[in-house]
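Geometric and topological summary
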Amino acid sequence: MRFVLLASVLTLVACQQAPSDPEPPPEADPRAAAASESPAMPDQPAPADSDSVTVVFFGDSLTAGYGLETPQLAYPALVGEELTESGVPVQVVNAGVSGETTAGGRSRIAWTLRNATPDVFVLALGANDGLRGVDPAATEANLRAILDAVREAAPDAGLVVAGMEALPNYGADYTDRFREVFPSVAQDYGATLIPFLLDGVAGVARLNQADGIHPTPEGQEIIAEIVAEAVTPLATAAAG
């Protein structure tokens, strides 16, 4: 019920989306839109220190830190700071691309893995699929393909899957099927599941920017707390 209410709020704020928002608008055929290429590639990471733990955050504008003064205010950097303070040497790779769908992520995962081999991989895609009404089966297939690529490139990497919510206007059946994708994928890949990435942030005006969708620095801090709880044990184990 909590997630349904949060998704209902997302329906309202989505209608208030600012024209400057980089998230691409829904296409006539959502599945065709999901297959479009990624708008841009994130910067290539610097070579990792052999003693550091590489944590790759693979997501969309929520991960990229859209609308913030600097990506250092987005949750990947904040999680990295927390790990460093706890004594875990870490290299954070923010592989977030605004407007990204799971299909777009599937098309660029090989590029990301050529440039960074993760010790911990955080998969935070699906929000744009839910906004567009993409078939949950397609979303699931894309997420699995991404994790298959990670498993091949980095067999020992710890995995985190961040759950997303769909808009309730697509109907209860769609909402339920979409929600079930993330725990199913996480279970099959032995990944740590974050039930809902925006839990406690979605629909809270003071925690979101003027578009009502993208978190403020304060909202990003709350997300970072949620993500750090999942990432810290994996990063600590990877550090040995």
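Higher on the page you've got the structure.
Figured I'd write up the structure that's included with this text.

Cut-off values and rules
- Residues numbered from 1 in each chain as written.
- Predicted model: local features only at pLDDT ≥ 70, side-chain atom pairs only at ≥ 80, totals over all residues.
- Heavy atoms only, no water.
- Axes fitted to C-alpha atoms, helices over the stretch in contact; angles between N-to-C directions.
- Helix = DSSP H or I, 4+ residues; strand = E, 2+ residues; numbered from the N terminus.
- Parallel < 35°, antiparallel > 145°, perpendicular 65-115°, else oblique.
- Left-handed = near helix turned anticlockwise from the far one by under 90°.
- Contact = heavy atoms within 4.5 Å.
- Nonpolar A, V, L, I, M, F, W, Y, C, P; charged D, E, K, R; others polar.
- Salt bridge = Lys/Arg side-chain N within 4 Å of Asp/Glu carboxyl O.
- Buried < 20%, exposed > 50% of the residue type's maximum accessible area, 1.4 Å probe, protein only.
- Phe/Tyr/Trp six-rings, centres within 6.5 Å; stacked < 30°, edge-to-face > 60°.
- Lys NZ or Arg CZ within 6 Å of the ring centre and 35° of its normal.
- Pairing = 2+ DSSP bridges.

All right, on to the packing of helix α7 (residues 136-153) against helix α8 (residues 172-188) then. Where α7 contacts α8, the two axes come as close as 9 Å, and the packing angle between them is 20°. Relative to α8, the element α7 lies roughly parallel. The interaxial crossing formed by α7 with α8 has right-handed handedness. Facing α7, whose interface residues are P136, T139, E140, L143, R144 and L147, α8 presents Y174, R177, F178, V181, F182, S184, V185 and D188. Residue classes in the contact of α7 with α8 are distributed as eight nonpolar, two polar and four charged.

So, on to the pattern of salt bridges. In total, this model carries eight salt bridges according to the counting rule given. The shortest N-O distance in the salt bridge between R177 and D135 comes to 3.8 Å. Note that R177 is positioned in helix α8 and D135 in the loop between α6 (127-132) and α7, a separation of 42 residues in sequence. Here D135 falls in the partly exposed class, since its relative accessible area comes to 31%. Residues E140 and R144 are paired through a salt bridge, measuring 2.9 Å at the closest nitrogen-oxygen approach. Here the residue E140 and the residue R144 both occupy positions in helix α7, the gap between them amounting to four residues, near one helical turn. Beyond isolated ion pairs, a larger network of salt bridges with shared partners links D135, D173 and R177.

Another point: the packing of aromatic side chains. Scanning the entire structure with this criterion turns up five aromatic pairs. When the ring of F57 is compared with that of Y75, the centres are 5.8 Å apart and the planes differ by 85°; the resulting orientation is edge-to-face. Here F57, found in strand β1 (residues 53-59), pairs with Y75, found in helix α4 (residues 75-85); they are 18 residues apart in sequence, far enough to count as distant. For F57, a relative accessible area of 1% translates into the label buried. The exposure class assigned to Y75 is buried, which follows from its relative accessible area of 1%. With a centroid separation of 5.6 Å and an interplanar angle of 35°, the aromatic rings of F58 and F121 are classed as tilted. With a gap of 63 residues between them, F58 in strand β1 and F121 in strand β3 (residues 120-124) connect regions that are remote in the sequence. We classify F58 as buried; its relative accessible area is 0%. Members of the aromatic cluster, connected to one another through ring pairs, are Y170, Y174, F178 and F182. Of note, R108 hangs over the ring of F58, and the distance from its end group to the ring centre comes to 4.1 Å.

As a further point, take the sheet that holds β1. Taken together, five strands build an open sheet; the order of strands is β2-β1-β3-β4-β5 and the sheet is parallel. Two strands close off the open sheet at either side, each with one partner strand: β2 (90-96) and β5 (192-194). Each neighbouring strand pair of the sheet contributes to a mean axis angle of 15°, computed without reference to strand direction. Bridge analysis of β1 against β2 gives seven bridges, and the strand direction is parallel. Within β2, the position partnered with T54 by the bridge is Q91. The sheet contacts of α8 involve β4 (158-162) and β5, and relative to β4 the element is tilted by about 170°.

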